[in-house]
Amino acid sequence: MEAPPVTVMPVTGGTINMMEYLLQGSVLDQALESLLHRLRGLCDNMEPETFTDHELVYLLKGQQGNPFILRARRSLSHPKAPWHLRYLGQPEVGDKSRHALVRNCVDVAASHSLPDFLNEMGFRMDHEFVANGHIFRKGAMKIVVSKLSRILVPGNTENTERLSLSYLVELSVLAPAGQDTVSEDMRSFAEQLKPLVHLEKIDPSKQRH
Amino acid sequence: MGVTCVCQVPVAEGKSVQQTVDILHKKLEQLGAVKQGSFCVDCETYHATGNVSGQPSKLLYVMHNSETPLSCLALFEGGPCLIADANFDVLMVKLKSHFQNAKGHKVECRGSRYRYCDFLIKVGTVTMSSSARGISVEVEYCPCVVPGDCWNLMKEFMQSFLGPSVPELPSVFAAKPEGLFAPADSVDTMTQYLELFNKLRKLQLPGSNVR
């Protein structure tokens, strides 16, 4: 029953800001197997990992400015696992030659009271979906190939409908701010996946209408 | 985590906060308790901004306990609570335009941690803006998770060093049906700390200073 160390360092101010570097693309259903085959060859040797997740996107409307967005995700295949709460900041503008989308990222593991707690904070659920697919890893890079499905009845994750006839492919790295070699490594990895899938930097703000 | 009781100990007549804490330490050592490091429990308060005027703004409390250093507990008084990892504090910084940190309201409780057989005793000084507001004692009986089964034992143990200041069964347990176990997630302990902090926050300091 040793005493755990008492931390005297403040959390705010000295925290390392983590950034998410992201490249996205998609493949049609028919091309999935060849992509998975290629990924199995290129990525770290591990048991093939599939997942089924339910993600809810919450918005907090403030007095001014854009609403604050939080993403709450839970695993449907591991129901006892904690929820994963994620905040993604605005994409960093500036260096057009940077190959990946870079944005501030805060990940928090949370208990199962998360949806009620977010509602109490003033967040309201904007939309939800189910994602299932495969996850691969190569060093610090994470490659996720997922099929997104729309939830027809709110809260019912059994009854879903596929959003499209393709799979979303995402290559991402979580690294402290200032590491510029990350996007180079991602670009060279993305080259190896051509022509099966073209991974590119897609700016989410340009998608909104 | 076993059944835990957090209570306030009044400052001894004619003595300072530090002197009363020293008296408690001495009593525990005489009983045979062994000092095992220190502990810290703190609580920060956030106000929700952007509320309709006229309505009192909701208060969000974010608490940390050195016993669970990688977690933090966020709760609304009387409302839902969330157990999250340490990154929740970083998220609150991002949310600062929606939730303002009332910096003057931060309450901290620091002190020594003692172990006596199956009991864990923590005697702490509660401070707010560097002034001591009171003394807290936390007693945990580790082997048992059902409050009803061990409350009498805990009360007897507390009497041996707290004398007449022994508390009643904490309201967090009294509210639960008989025989229900306290889950190992420290919510009940932190709720008791929050009640204690709020009580001490309301007390006016009668001009005596920290020693």
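Conventions adopted
Residues numbered from 1 in each chain as written. Chains lettered and ligands numbered in written order. Predicted model: local features only at pLDDT ≥ 70, side-chain atom pairs only at ≥ 80, totals over all residues. Heavy atoms only, no water. UniProt positions renumbered as here; feature names shortened; annotations may be inferred. Helix = DSSP H or I, 4+ residues; strand = E, 2+ residues; numbered from the N terminus. Buried < 20%, exposed > 50% of the residue type's maximum accessible area, 1.4 Å probe, protein only. Contact = heavy atoms within 4.5 Å. Areas by Shrake-Rupley, 256 points an atom, 1.4 Å probe, with all protein chains shown as cover. Salt bridge = Lys/Arg side-chain N within 4 Å of Asp/Glu carboxyl O. Phe/Tyr/Trp six-rings, centres within 6.5 Å; stacked < 30°, edge-to-face > 60°. Lys NZ or Arg CZ within 6 Å of the ring centre and 35° of its normal.

Per an unreviewed UniProt entry, chain B carries the name Mediator of RNA polymerase II transcription subunit 20 and comes from Lates calcarifer. Comment text from UniProt for chain B, heading Subcellular location (unreviewed entry), reads "Nucleus". Among the UniProt annotations of chain B, the heading Sequence similarities (unreviewed entry) holds the following wording: "Belongs to the Mediator complex subunit 20 family."

An unreviewed UniProt entry lists chain A under the name Mediator of RNA polymerase II transcription subunit 18, from Lates calcarifer. Within the UniProt record for chain A, the comment given under Sequence similarities (unreviewed entry) is "Belongs to the Mediator complex subunit 18 family."

Draft legend 1. Geometry of the overall build of chain B. Secondary structure summary: chain B contains five helices and nine strands in total. Within chain B, buried positions represent 49% of all 211 residues. A sequence separation of at least 24 residues applies to 60% of the contacts in chain B between residues at least 6 apart. Of the roughly 9,900 Å² of accessible surface on chain B, a fraction of 53% belongs to carbon and sulfur atoms.

Draft legend 2. Main features of the pattern of salt bridges. For the structure on display, the rule yields 17 salt bridges over all chains. Here E67 of chain B ties to K122 of chain B by a salt bridge, and the two come within 3.1 Å at their closest N and O atoms. Remark: K122 of chain B occurs in strand β8 (residues 119–128) and E67 of chain B occurs in the loop between β3 (59–65) and β4 (71–76); sequence separation between them is 55 residues. Notably, a salt bridge pairs R110 of chain B with E108 of chain B, separated by 3.1 Å at the nearest N-O pair. Taken together, the shared-partner salt bridges connect E20, R86, R103 and D107 of chain A into one network.

Draft legend 3. View of the packing of aromatic side chains. Residue and element names in this part refer to chain B. Tallied over the full model, the rule gives eight aromatic pairs over all chains. Between Y116 and F157, the ring centres sit 5.5 Å apart and the planes meet at 5°, which makes this aromatic pair stacked. With Y116 in strand β7 (residues 107–116) and F157 in helix α3 (residues 147–162), this pair connects stretches of sequence that are 41 residues apart. Since its relative accessible area comes to 24%, Y116 is described here as partly exposed. One aromatic cluster is present, formed by Y116, F119, Y141, F157 and F161 through successive ring pairs. Across from the ring centre of F76, 5.8 Å away, lies the NZ or CZ of K58, which sits over that ring.

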